[in-house]
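This is what each chain is made of:
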Amino acid sequence: MATLSMRLAGHGRSIVAWLSAGFLGLLALAALAAPWLGLADPYAINAANLLASPDAAHWLGTDELGRDLLSRVIYGARVSLGVATAAVLVAGISGVAIGVCAAFAGRRLQAAIVRLIDVLVSLPETFVALVVLAFIGGSLPTLVMTIGLLYCPQFARVTWGVARSIQAREHVLAAQSLGAGTGWIIRREILPNMHSIIAVQASFTFSFAMLLEAGLSFLGLGVRPPTPSWGQMVGTLKDYLFTNAWPVLVPSIALFLTVLAVNILGDWLQDRLNPELQR
């Protein structure tokens, strides 16, 4: 009976995970195809239709300048998803490289790198990002690099630990005893055996990067108007919360549902790809 309940629960989680993946796929497809969907101009101002509720002309209403909210939410998804994706790539590539190199470094150098990574992991991401962007400016490349480098230490810490455990396996020791070089071992033995851990880490980092980008844009240090971004839209509309709350809720709900879907998918990937949890 307990086994049947566990199977049903696992089946239910798989369904929710697939629904989350479908939602993210549709959102990404809509964001990529936004110019060809026949949407209203996300930058067109209509002073005669400010903060309007949903109607036949504007399915999600309009913002404080009369711009179509549906169009701006979909175009905003391009920025929010794009920044998070690029930041995860920066963090993943740099973090994996640092973590693997640290695992094969000498004892003293490895200890120094790991201690530095631990210090960087302990830094508050939001505070550091605020300081960096306040001095450098909030351009899109700067935003991507800042968020990516802030989450690089997490990838490096995880990768280092996994690489160290793989180094102790018999097949790696056998390859070393047969004279295999460090580069060959990394390409053939280390990286192929950590792809599942990297995938799970990337899924959770993606949601963190989205929230950080939204928070920075909300404070005016991320994407600058008139370019739509979910966090920037909430930041500009918050002053009208008690006039008409609907325009504020639209980008907030979009951000909430996307982060929720990413986290659900990340939990499911962790259960599916982690052999220890499977056992």
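Before going into details, it helps to say that this report is about the structure given with it. (Residues numbered from 1 in each chain as written. Predicted model: local features only at pLDDT ≥ 70, side-chain atom pairs only at ≥ 80, totals over all residues. Heavy atoms only, no water.)

The next thing to look at is the packing of helix α3 (residues 107–121) against helix α5 (residues 140–167). Two elements in contact, α3 and α5, have axes separated by 9 Å at closest approach and are oriented at 140 degrees. Compared by their axis directions, α3 and α5 come out oblique. The handedness of the crossing between α3 and α5 comes out as left-handed. Packed against α3, whose contacting residues are Gln110, Val114, Ile117, Asp118, Leu120 and Val121, the element α5 presents Pro153, Gln154, Ala156, Arg157, Trp160 and Arg164 at the interface. (Axes fitted to C-alpha atoms, helices over the stretch in contact; angles between N-to-C directions. Helix = DSSP H or I, 4+ residues; strand = E, 2+ residues; numbered from the N terminus. Parallel < 35°, antiparallel > 145°, perpendicular 65-115°, else oblique. Left-handed = near helix turned anticlockwise from the far one by under 90°. Contact = heavy atoms within 4.5 Å.)

Below, the discussion takes up the pattern of salt bridges. In total, this model carries 5 salt bridges according to the counting rule given. The shortest N-O distance in the salt bridge between Glu64 and Arg67 comes to 3.6 Å. You'll find Glu64 and Arg67 in the same group, each marked buried. Among the charged side chains, a network of salt bridges with common partners joins Asp63, Glu64, Arg67 and Arg72. (Salt bridge = Lys/Arg side-chain N within 4 Å of Asp/Glu carboxyl O. Buried < 20%, exposed > 50% of the residue type's maximum accessible area, 1.4 Å probe, protein only.)

Time to look at the state of the cysteines. The tally for this structure, following the rule as stated, stands at 0 disulfides. The structure places no disulfide on Cys101, whose sulfur is separated from the nearest cysteine sulfur, that of Cys152, by 11 Å. Overall, Cys101 belongs to the exposed group, its relative accessible area being 52%. (Disulfide = S-S within 2.5 Å.)

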